[in-house]
Each structure stands twice: as C-alpha cells, then as structure tokens.
Amino acid sequence: MNAVDEGRRVQEASTSAAKQAEAVESLYAKRVEIYPRSKIGDGLAWFQKWRWATVWITQIVFYGLPWLMWNDRQAVLFELVARRFYIFGLVLWPQDIVFLTGILIIAAFSLFLFTAVGGRLWCGYACPQTVYTEIFMWIEKLIEGDRARRMVLDREPMSPRKFLLKAAKHMAWFAVALWTGYTFVGYFTPIRELGAEMLALQIGGWSVLWVLFYGFATYGNAGWMREQVCKYMCPYARFQSAMFDQDTLIVTYDEARGEPRGPGSRKKSRKDLGLGDCVDCGLCVQVCPTGIDIRKGLQYECIGCAACIDACDHTMEKVGLPKGLVRYSTTNAMRDNLDPRAMWRRVFRPRVLVYGAFLLAITAALAVALSLRVPLKVDLIRDRGALAREADGGQVENVYRMQVSNTTEARRSYTMTVSGLPGLAVASETRFEVGPAAVASIPVRLLADAGQVTPGSHKIAVEVRAEDDPGVAVRETTTFLGLRR
Ligand code: SF4
Ligand code: SF4
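Computed from a predicted structure; not experimentally measured. (Residues numbered from 1 in each chain as written. Chains lettered and ligands numbered in written order. Predicted model: local features only at pLDDT ≥ 70, side-chain atom pairs only at ≥ 80, totals over all residues. Heavy atoms only, no water.)

> An account of the overall build of the chain is requested, with residue identities and associated values reported.
Helix and strand content of the chain: 17 helices and 16 strands. For 485 residues, the compact-globule formula gives about 23 Å, and the C-alpha radius of gyration of the chain, at 34 Å, lies well above that figure. Judged by the C-alpha coordinates and their principal axes, the chain covers about 115 × 80 × 60 Å. For the chain, the computed accessible surface area is about 27,600 Å², with 63% contributed by carbon and sulfur atoms. (Helix = DSSP H or I, 4+ residues; strand = E, 2+ residues; numbered from the N terminus. Rg over C-alpha atoms; globule rule 2.2 N^0.38 Å. Areas by Shrake-Rupley, 256 points an atom, 1.4 Å probe, with all protein chains shown as cover.)

Shown next as structure tokens:
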C-alpha cells in the first residue's frame, strides 16, 4: 500500500468514526433544566391546595408513624430479622403471609380503580416522587427565589453569593433526605434505638448503608432527577395507559374553545379577531413540572398534577373569560361535548364496576380472615431419631417436638390434650407457658397401651388450648407408630 492509499484509508476511517459519533450523539437528548413556576396569583390555587394537603397528610403519616407506641413497643414495625410485622394491635408472622398478600392485592386494585376513574391521581398527588419533588422545590424557592430569580442565578457566573445560596440549598436538601432515610430504616428497626445508636456512633453497618441509600435516592430523585424519574424510570407510567379508556378523567385542553390562540386586542373582541379563548400567555407551560405544553394533547409525560388547570383558570379570571379552558375531562366528554353530569354518569362503566367488585370482595375476605384468625400456631414434628419404642409397663412411646407460637402480646398458659387411640396419654408436661409474641419448643412424649396399638401408623390429634380463652385452640394431626411384634 502506497502513502496515498494509506492516507485515504485513514481519512475514510476517521470520517466513518465521525459519522458514528454523530449518530450516537443524535440519540442522546441533553436534559433541559425546567424551572417550574410555583406562584400563580395570591395565595395557593385550588389544585395546589389539594397537592399541599396530600404532601402534609402523607408526610405526617410517614415521618410520624414510626414514633407512635403501642403496648410498650413501636406501633408499626417490620422486624425482618425476628420475622415479625407489627401493625398496631396486629402481629403478623411468616405464616401470615396470606394477609400481607391480601393487603398488597387491595393496594393494587385500588390503584387500578382510581386510575380507571381519575387517571394519574396517584402520580399527581400522592406518589413519593411528586411529594418529595414538591418539598425540594419549596426549599429551593425559599433559598434561591421563584422561577425568574433561579433562572438568572443559574446563568450568573459563580460568585460568593451564588456559592452560598447553592450550598445552603444542598445542605437543606441533604438534611431532609437523611431524615427521610433515617425514618425509612425506622420502619424496619426500632427508631428510638436507631437514633440512640446513631448519636453514640454505634450504629450497625447495614443500618448506615440503608439510611444513606434511601437518603441519597431521595436527594437524587427529588433534587436532581425530578421529572426524569417520571419520564424515563417509572414503570407505572408505562403500563398505566392500559388502565385508561375514553371515559377516564385526564387533564385536557379544550382545543375547540381555545383555538386559534392569540393575545387579542383591547380594541376588538376575540370573536371579531377570529380567536379562541387561549390568550397564549404560556402560564400553563411555565408551571408544568415536566415542562410540557398541555395544548399539544395528552402526553405520557403529563403526571396529572393539575398545575396547568390552576394557571389557566387564573389567566381566564384575569381576562374575564370562563374558567375551565384546561380542565379535568374525558376523551368522550370532549369529543361529544358532554355536560359534567353526563360525563360523571359514565364513571360507572363495566371496567370500574369489575375493579370495584374485586376490591370489595378482597377487602371483605381479608376482614373476615383477620377476625377469624386464631392468635396461636402449633407445629408438631415427629422425632426422627426415635420412631417408636417399648416403654415400662408394656406401653408404646412416641416422641415429638412441638413449636407453639403465641402471636398475642401477653404471656399465655396453654394445656394440651391428645385423642385418636384408646388409652393414648401425654407423658410429658401438659401445661406450659409461652411469652408474648414468642415461640416455645416443647418436647412431647405420648404413651399408649401396646395391646391396644396394632403395628403401623395411626392417625392421632393433638389439641393446644389457651387457659384464659377456650376459643383460642389449635388442633394438629400427626401419626402414632405401633411396634412390630
Ligand atoms: S401538563 Fe398540566 S397536569 Fe400535566 S404535568 Fe404538566 S402541569 Fe401537570
Ligand atoms: S394558561 Fe390557558 S390561556 Fe394561557 S397559554 Fe395556557 S391554555 Fe392558553
């Protein structure tokens, strides 16, 4: 290969590399910083009040619940190591997984039902991502100022003032995030002990890891990622369209009323100018936390927060036009120009009724199962090392180990009885005590008259009953082995 060919080959290679780089670059969309405007007029707007109400309610519950006490212990505690879940008066054991499954199914069907009726109500008002973003944006506004000031500050070169403002914001974010991580871990390990361990610098490695992990996740998601979590990471945002139909409430722009849009004039009416009601003020876009324009129709980025409804209503009020150009409505209501009554009548459609019926049935079944739950569990295990042996007085002896779980929070005494074979009797202790929310391992010796027990296996029953409440009883079946002659 001569020098010219070599030069051509190098040039071709570099051109193709440049083309590849260009292709890769075009696939990557750089995040455009969004500066949502939070202030619309004086005081809080209608849906903004609802959003703040849910922020307060969810956060009072989340931060407050681990500090509540019940019977000298934390009211809500999911002790994974001890495998006990405490929810106020209810103590769930690993055997009670069915109740937890029931609670999760109820949560899932509630989500299906509310999404079918009200669209992204969860996303817009109660999702932790929305709630923490709202809190972090409030802190940001408090320290750096509202939208216009933040935009100016971000364009400014670094200065001592800018550095101080940014440092204060991040420190406040960090404090909230770490407290959130600490609270989260406090649901799995007693929060008071965790706090004392932290103060004494004796906290365990796993607890530190989880506090930091959850804290950093909150800081990163609510401080930095924000709308990107909803747009690119949240799986619920992807599959919820399957729960939408033409009668699901969504935040909609009334295109027929609003278009053609334009600022209008003081001298001529909008009608004379051939304009619709949208004055193109851009307020609905400025307040949107995901940076979209609702006037372009339903978009998957829309989290249904209704900030654009508040913004547009404010504008409509100012220009003297009826509110509701951007409003909660349904695709059918928009298309067929339905009045609100006709629109709400369509709420009770088959899909909603099926979700509602399932939800009611599962909730009722769970309530009945919980009310019938016996706070005692018994497991009888045959001693594999000694199947059956001849005891004194011509008797046959079988040995077992019995695990008795007292799922109440009080020490309890129990008695055991056996049945199933003539002359079958308990040769070990028949009365025993088990501590609150504890398991006791009880050795059990059963004797039967050898003359009454034929060789082979016989089905017998062991019954354990609480002394203070005869209704608390569990009957377990097992086998008693006779000796070969
Ligand atoms: S379009 Fe409106 S409802 Fe949707 S995310 Fe933006 S402000 Fe919220
Ligand atoms: S806030 Fe209302 S009037 Fe203003 S641009 Fe948005 S839709 Fe048009």
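> Which residues make up the site of ligand 2, and what values do they have?
Ligand 2 sits among Tyr253, Cys278, Val279, Asp280, Cys281, Gly282, Cys284, Arg295, Cys312, Met316 and Val326. In this structure, ligand 2 is accommodated by the second largest cavity. Looking at the shell around ligand 2 residue by residue, the class counts come to 8 nonpolar, 1 polar and 2 charged. (Near = heavy atom within 4 Å. 1 Å grid on protein atoms, 1.4 Å probe; cavity = no way out; pocket = protein on both sides within 12 Å on 5 of 7 lines; lining within 4 Å. Sits in = over half its atoms within 2 Å of the grid points. Nonpolar A, V, L, I, M, F, W, Y, C, P; charged D, E, K, R; others polar.)

> Account for the nonpolar core, with residues named and values stated.
Residues Met402, Met416, Phe432, Leu446 and Phe480 are the most contacted members of the largest nonpolar core, which totals 28 residues. Secondary structure elements with two or more residues in this core: strand 8 (376-382), strand 10 (395-406), strand 11 (412-419), strand 13 (431-434), strand 14 (438-449), strand 15 (456-466) and strand 16 (473-482). If you tally residues by element for this core, the top one is strand 14, at 5 residues. Those residues in contact with Leu446 that sit more than four places away from it in its chain are Val396, Glu397, Asn398, Tyr400, Val418, Leu424, Ala425, Val426, Ile460 and Phe480. (Core = buried A, V, L, I, M, F, W, Y, C linked by side-chain atoms within 4.5 Å. Buried < 20%, exposed > 50% of the residue type's maximum accessible area, 1.4 Å probe, protein only. Contact = heavy atoms within 4.5 Å.)

> An account of the layout of surface pockets is needed here, citing residue identities and associated values.
Empty space within the largest pocket amounts to approximately 800 Å³. Around the largest pocket, the lining comprises 35 residues; the ones closest to its centre are Ile250, Thr252, Arg327, Tyr328 and Ser329. Residue assignment for the lining of the largest pocket shows that the elements contributing at least two residues are helix 2 (46-64), helix 4 (121-126), strand 6 (250-253), helix 12 (255-258), strand 7 (326-329), helix 15 (331-336) and helix 16 (340-345). Residues belonging to the lining of the largest pocket are distributed by class as follows: 21 nonpolar, 7 polar and 7 charged. (Points joined across faces, edges and corners; volume = space filled by probe spheres on them.)

> Tell me about the site of ligand 1, and name the residues and values.
Around ligand 1, the structure places 13 residues, and the nearest of them are Cys288, Cys302, Cys305, Ala306 and Cys308. Judged by the fraction of its atoms near the pocket grid, ligand 1 is located in the largest cavity. When the residues that make up the shell around ligand 1 are grouped by side-chain class, the tally is 11 nonpolar, 2 polar and no charged.

> Go over the pairing of strand 16 with me, naming the residues and quoting the values.
Bridge count between strand 15 and strand 16: 10 bridges; the pairing is antiparallel. Bridging across to strand 16, Ala461 finds its partner in Thr477. Where strand 15 hands over to strand 16, the hairpin turn is made up of 6 residues, counted between the paired strands. (Pairing = 2+ DSSP bridges.)

> Outline the packing of aromatic side chains, listing residues and values.
Tallied over the entire structure, the rule returns 21 aromatic pairs. Aromatic pair Phe78 and Phe188: ring centres 6.0 Å apart, planes at 45 degrees, arrangement tilted. Taken together, the positions of Phe78 in strand 3 (residues 76-79) and Phe188 in the loop between helix 7 (160-185) and helix 8 (191-199) put the pair 110 residues apart, joining distant regions of the chain. Given the relative accessible area of 33%, Phe188 is considered partly exposed. (Phe/Tyr/Trp six-rings, centres within 6.5 Å; stacked < 30°, edge-to-face > 60°.)

> So what's going on with the confidence of the model for the chain? Residues and values would help.
For the chain, the average pLDDT comes to 89, and 94% of its residues sit at 70 or higher. Per-element mean pLDDT across the chain ranges from 51 in helix 1 (residues 3-27) up to 97 in helix 7. (pLDDT = per-residue confidence, 0-100.)

> Now, about helix 9 (residues 205-225): what can you tell me, with residues and values included?
Where helix 9 is concerned, the buried positions are Ser207, Val211, Gly215, Thr218, Tyr219, Gly220, Ala222 and Gly223. Next to the buried residues of helix 9 lie helix 5 (128-144), helix 7 and helix 8. After helix 9 finishes, the residue Arg226 shows a positive phi value of roughly 45 degrees.

> Outline the pairing of strand 15, listing residues and values.
As judged from the 6 bridges shared by strand 11 and strand 15, these two strands associate in the antiparallel manner. Residue pairing for strand 15: Thr415 is matched across the bridge by Arg465.

> Describe empty space enclosed by the protein, naming the residues involved and giving the relevant values.
By the definition in use, this model includes 2 cavities of 30 Å³ or more. Considering the residues around the largest cavity, the lining is formed by 13 residues, among which Cys288, Ile292, Cys302, Cys305 and Cys308 are closest to the centre. Grouping the constituent residues of the lining of the largest cavity by class yields 11 nonpolar, 1 polar and 1 charged. Around the second largest cavity, the lining residues are Tyr253, Cys278, Val279, Asp280, Cys281, Cys284, Arg295, Cys312, Thr315, Met316, Leu325 and Val326. At 3 residues, the largest contribution of residues to the lining of the second largest cavity is made by helix 14 (residues 307-319).

> Can you lay out the sheet that holds strand 3 for me, pointing to particular residues and giving the numbers?
Here 3 strands make up an open sheet; going across it, the order is 3-4-5 and the pairing antiparallel. Here the strands that pair on one side only, and so sit at the sheet edges, are strand 3 and strand 5 (90-92). Taken pair by pair, the neighbouring strands of this sheet meet at an average axis angle of 15 degrees, ignoring direction. (Axes fitted to C-alpha atoms, helices over the stretch in contact; angles between N-to-C directions.)

> Can you tell me about helix 17 (residues 350-372), naming the residues and giving the values?
Under the 1.5 Å per step criterion, the end-to-end length of helix 17 is 33 Å for 23 residues, consistent within 8% with the ideal 33 Å. Lining the buried residues of helix 17 we find helix 3 (97-118). (Expected span 1.5 Å × (residues − 1).)

> Can you break down the pattern of salt bridges residue by residue, with the values?
In total, this model carries 26 salt bridges according to the counting rule given. Taking the shortest distance from any N to any O, the salt bridge between Arg327 and Asp254 comes out at 3.2 Å. Note that Arg327 is positioned in strand 7 and Asp254 in the loop between strand 6 and helix 12, a separation of 73 residues in sequence. The exposure class assigned to Arg327 is partly exposed, which follows from its relative accessible area of 27%. Among the residues examined, Asp254 registers a relative accessible area of 12% and is labelled buried. Arg411 is the salt-bridge partner of Glu433, the closest N and O atoms lying 3.2 Å from each other. (Salt bridge = Lys/Arg side-chain N within 4 Å of Asp/Glu carboxyl O.)

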